[in-house]
Amino acid sequence: MSAVLPRPSPRAFALIVLVFSACVLGLAPILVRLTETGPAAAGFWRFLFALPLLTLLAAREPRGLAARPSKWALIAGLFFALDLSFWHYGIVMTSVANATVLCNLTPVVVTLFGWFVLKEKPHRLFLVALALAMGGAFAMAAGADGGQGTNPVLGDIFSVSVALWYSGYFLAVKAARATSGAMQITFWATLVGTPLLLIVALALGETIIPASLGGWAACVAMGVMHVFGQGGVAWALGRLPASITAVTILVQPVVAGLLGWWIFHETLTPVQAVGGVLVLGAVVLAQRSAALKARTTG
């Protein structure tokens, strides 16, 4: 008889889903470069192609799409449209690793907000993990070749600004999860963001239509990636603290950096490799800190 493997705990399963979602989202900067459109236009197609599948999945959740959307879900859509607009320009202007890492300063913003506004004091080990994660993130950014991208300095600035928008998205989704399902929130946030991204693309005179079937395929792939990536993150936010989620999702730039090295032959320096290892170590420490905090408060 074969041994029966024990089922993971609900928290462990949520972590597995989160890590998988972060890996899926690591495809985003690669696909943006393959869309053959402008940066904001790539975000528009990402949202538009995600909506049909999101509609089906959201309709299967309790109350479906009949209930009025949460105000937090709509606010999340606004923040995410700003996030993608700035981030996609950052991807074009700087390296894949830089753009992905710098926008993921989100854990600092989310942790500080939770600490000082929500009065959720983090465990000391989590602060160590956060410092380690930021050190790894900066190592990955500093170790990259500064000549990559069309305007590395401006691209880095845009990418840093994304941390504020993404933090707003995280906190809005966390608030919305109190009353709504993950796919419902992702659907409404995506629906709000779709016209906003199109307006940005048109206002900046971007190329809207991909030039080849390969470009269209990249746009469709971004839509699928959005559903399973952001949908998974929204689901995990209903079961994990926002600060822990924000640190764990730093797996995303590690994946993006490896894919940028493999597909676009971007330089992956030893410093960047060390940074990636530090980020992964920080994720493990963050999860350990959450377990210790639950044990001391339980």
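The structure contained in this document is the topic of the report that follows. (Residues numbered from 1 in each chain as written. Predicted model: local features only at pLDDT ≥ 70, side-chain atom pairs only at ≥ 80, totals over all residues. Heavy atoms only, no water.)

### Remarks on the overall build of the protein chain
No. 1: Scanning the protein chain from terminus to terminus reveals 13 helices and zero strands.
No. 2: From first element to last, N terminus to C terminus, the protein chain shows the α and β order α-α-α-α-α-α-α-α-α-α-α-α-α.
No. 3: Buried residues in the protein chain amount to 52% of all 298 residues.
No. 4: Pairs at least 24 apart in sequence give 90% of the contacts found in the protein chain among residues at least 6 apart. (Helix = DSSP H or I, 4+ residues; strand = E, 2+ residues; numbered from the N terminus. Buried < 20%, exposed > 50% of the residue type's maximum accessible area, 1.4 Å probe, protein only. Contact = heavy atoms within 4.5 Å.)

### Details of the packing of aromatic side chains
No. 1: Considering all chains together, one arrives at 13 aromatic pairs under this definition.
No. 2: Both rings, one in Trp45 and one in Phe49, keep their centres 5.7 Å apart while their planes meet at 25°; by these two values the pair is stacked. One end of the pair is Trp45 and the other is Phe49, both in helix H3 (residues 39–59) and four residues apart, which spans about a single turn.
No. 3: Assessed through its relative accessible area of 30%, Phe49 is described here as partly exposed.
No. 4: Ring centres of Trp45 and Trp216 lie 4.9 Å apart, and the angle between their planes is 75°; on these two criteria the pair is classed as edge-to-face. Linking Trp45 in helix H3 with Trp216 in helix H10 (residues 213–237), this pair joins segments that are 171 residues apart in sequence.
No. 5: Here Trp45 falls in the buried class, since its relative accessible area comes to 9%.
No. 6: A residue is classified by how much of its surface remains accessible, and Trp216, at 28% relative accessible area, is partly exposed.
No. 7: Through a chain of ring-to-ring contacts, the aromatic side chains of Phe47, Phe80, Tyr166, Tyr169 and Phe170 assemble into a single cluster. (Phe/Tyr/Trp six-rings, centres within 6.5 Å; stacked < 30°, edge-to-face > 60°.)

### As for the nonpolar core
Soluble globular proteins tend to pack their nonpolar side chains together in the buried interior.
No. 1: Residues Trp87, Tyr166, Tyr169, Phe170, Val173, Val233 and Ile249 are the most contacted members of the largest nonpolar core, which totals 61 residues.
No. 2: If one sorts the elements of this core by residue count, H3 sits on top with ten residues.
No. 3: One finds Met134, Val247, Leu250 and Ala282 within the second-largest nonpolar core, a separate group that totals 15 residues. (Core = buried A, V, L, I, M, F, W, Y, C linked by side-chain atoms within 4.5 Å.)

### Some words on the environment of Leu132
No. 1: Within the fold, Leu132 resides in helix H7 (residues 124–142).
No. 2: By relative accessible area, Leu132 is classed as partly exposed at 28%.
No. 3: The sequence separation of Leu132 and Leu280 amounts to 148 residues, and the corresponding C-alpha distance is 9.3 Å.
No. 4: Non-local contacts of Leu132, meaning those with residues more than four positions away in its chain, are made with Leu278, Gly281, Ala282 and Leu285.

### So, helix H12 (residues 251–263)
No. 1: Compared with the 18 Å implied by 1.5 Å per residue over 13 residues, the 18 Å span of H12 between its first and last C-alpha is a close match.
No. 2: Among the residues of H12, Val251, Gln252, Pro253, Val254, Val255, Ala256, Gly257, Leu259 and Gly260 are the ones counted as buried.
No. 3: Residue His265 follows H12 closely and has a positive phi angle near 60°. (Expected span 1.5 Å × (residues − 1).)

### A closer look at unusual backbone geometry
No. 1: You will see that Glu36, though not glycine, has its phi angle at about 65°, which is positive.
No. 2: With respect to the secondary-structure elements, Glu36 resides in the loop between helix H2 (28–34) and H3.
No. 3: The exposure class assigned to Glu36 is partly exposed, which follows from its relative accessible area of 36%.
No. 4: Backbone geometry places Arg63, a non-glycine residue, at a positive phi of 70°.
No. 5: Along the chain, Arg63 turns up in the loop between H3 and helix H4 (71–93).

### A short note on the packing of H3 against helix H9 (residues 182–203)
No. 1: Viewed as axis vectors pointing N to C, H3 and H9 meet at an angle of 155°, and their least axial separation amounts to 8 Å. Between H3 and H9, the angle falls in the class roughly antiparallel. Every pair of crossing elements has a handedness; the one defined by H3 and H9 is left-handed.
No. 2: Within the contact of H3 with H9, the residues separate by chemical class into 17 nonpolar, seven polar and no charged. (Axes fitted to C-alpha atoms, helices over the stretch in contact; angles between N-to-C directions. Parallel < 35°, antiparallel > 145°, perpendicular 65-115°, else oblique. Left-handed = near helix turned anticlockwise from the far one by under 90°. Nonpolar A, V, L, I, M, F, W, Y, C, P; charged D, E, K, R; others polar.)

### Describing the side chain of Thr248
No. 1: Looking at the secondary structure, you find Thr248 in helix H11 (residues 242–248).
No. 2: What makes Thr248 buried here is its relative accessible area of 0%.
No. 3: The contact partners of Thr248, leaving out residues within four places of it in the chain, are Leu15, Leu18, Val19, Val283 and Gln287.

### Some points on a nonpolar patch on the surface
No. 1: Taken together, the side chains of Leu112, Phe113, Phe116, Val117 and Leu118 present a nonpolar region at the surface, about 470 Å² in accessible area.
No. 2: With respect to the helices, strands and loops of the structure, Leu112 is situated in helix H6 (residues 106–116).
No. 3: Overall, Leu112 belongs to the partly exposed group, its relative accessible area being 41%. (Patch = residues over 30% accessible without salt bridge, like charges linked within 9 Å, V, L, I, M, F, W, Y side chains within 5 Å. Areas by Shrake-Rupley, 256 points an atom, 1.4 Å probe, with all protein chains shown as cover. Salt bridge = Lys/Arg side-chain N within 4 Å of Asp/Glu carboxyl O.)

### Section: H9
No. 1: Relative to the 32 Å expected for 22 residues at 1.5 Å per residue, H9 spans 32 Å between its end C-alpha atoms, a close match to the ideal helical length.
No. 2: Gly193 marks the point of greatest bend in H9, at about 25°, and the proline Pro195 comes within the next four residues.
No. 3: Trailing H9 by a residue or two, Gly205 shows a phi angle of about 65°, which is positive. (Bend = angle between axes of the 7 residues up to and from the residue.)

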